[in-house]
Amino acid sequence: GQHLGDGVHTHWQDTGTGTGTGYLWLLHPASLSWAWVILDDEPAPFVVRQGGPRGVFDEVAAAYRWWREQGEPAVADWLVTVTRDGQTIELG
């Protein structure tokens, strides 16, 4: 989430089949950008559609690759510093 910045919202729409399949929406209203992913029982690659000036799915995929390259750090691996002037987040 930190790689995407603020303003990207997610919405999950279940297919109602009881299988955990559905549609994932990624929305960035400020830029009118969106991505739609069908998550089903089929193996990747999944069907992806996106529009708007910001490639939000491409950004999510890049952030996931970065996380994997860092050794899949857990929440406890991050150092969060909050001051009067703002906050920083980095791997500890």
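Our subject is the structure listed above.
Residues numbered from 1 in each chain as written. Predicted model: local features only at pLDDT ≥ 70, side-chain atom pairs only at ≥ 80, totals over all residues. Heavy atoms only, no water.

**Q** Looking at this model, I keep getting lost on the pairing of strand β5 (residues 78–83). Mind explaining?
**A** The two faces of a sheet get side chains in turn, since along a regular strand they alternate between them. Bridge count for β5 against strand β6 (residues 86–91) is 6 bridges, and the pairing is antiparallel. Paired with Thr 83 across the two strands is Gly 86, which belongs to β6. Counting the residues in the hairpin turn of β5 and β6 gives 2 residues. (Pairing = 2+ DSSP bridges. Helix = DSSP H or I, 4+ residues; strand = E, 2+ residues; numbered from the N terminus.)

**Q** Looking at this structure, I do not really get the packing of aromatic side chains. What am I missing?
**A** Ring pairs (aromatic) are described by centroid distance and by the angle formed between their planes. This model, assessed by the stated rule, comprises 5 aromatic pairs. Measuring from ring centre to ring centre gives 6.2 Å for Trp 25 and Trp 34, while their planes differ by 50°; the resulting arrangement is tilted. Aromatic side chains Trp 66 and Trp 78 sit 5.9 Å apart centroid to centroid with 35° between the ring planes, which places their arrangement in the tilted category. Of this pair, Trp 66 sits in helix α1 (residues 56–69) while Trp 78 sits in strand β5, placing them 12 residues apart in sequence. Note on Trp 66: relative accessible area 27%, which makes it partly exposed. The structure contains a cluster of three or more aromatic residues connected by ring pairs, namely Tyr 23, Trp 25, Trp 34 and Trp 36. (Phe/Tyr/Trp six-rings, centres within 6.5 Å; stacked < 30°, edge-to-face > 60°. Buried < 20%, exposed > 50% of the residue type's maximum accessible area, 1.4 Å probe, protein only.)

**Q** When you look at the sheet that holds strand β1 (residues 9–14) in this model, what are you seeing that I'm missing?
**A** By definition, the strands of a sheet pair up through backbone hydrogen bonds, in either a parallel or an antiparallel sense. On the basis of which strands lie adjacent, the open sheet formed by 4 strands has the order β1-β2-β3-β4 and antiparallel pairing. On the outer flanks of this sheet lie β1 and β4 (47–51), each paired with one strand and no other. The average undirected angle you get between the axes of adjacent strands in this sheet is 15°. Bridge analysis of strand β3 (residues 33–39) against β4 gives 5 bridges, and the strand direction is antiparallel. The residue bridging Val 37 from the neighbouring strand is Val 48, located in β4. Of the strands in this sheet, β2 (22–28), β3 and β4 touch α1, which is tilted by about 65° from β3. (Axes fitted to C-alpha atoms, helices over the stretch in contact; angles between N-to-C directions. Contact = heavy atoms within 4.5 Å.)

**Q** Would you take a moment to explain the pattern of salt bridges for this structure?
**A** With the rule as written, the count across this model stands at 2 salt bridges. For Arg 54, the salt bridge identified is with Glu 59, shortest N-O distance 2.8 Å. Note on Arg 54: relative accessible area 17%, which makes it buried. (Salt bridge = Lys/Arg side-chain N within 4 Å of Asp/Glu carboxyl O.)

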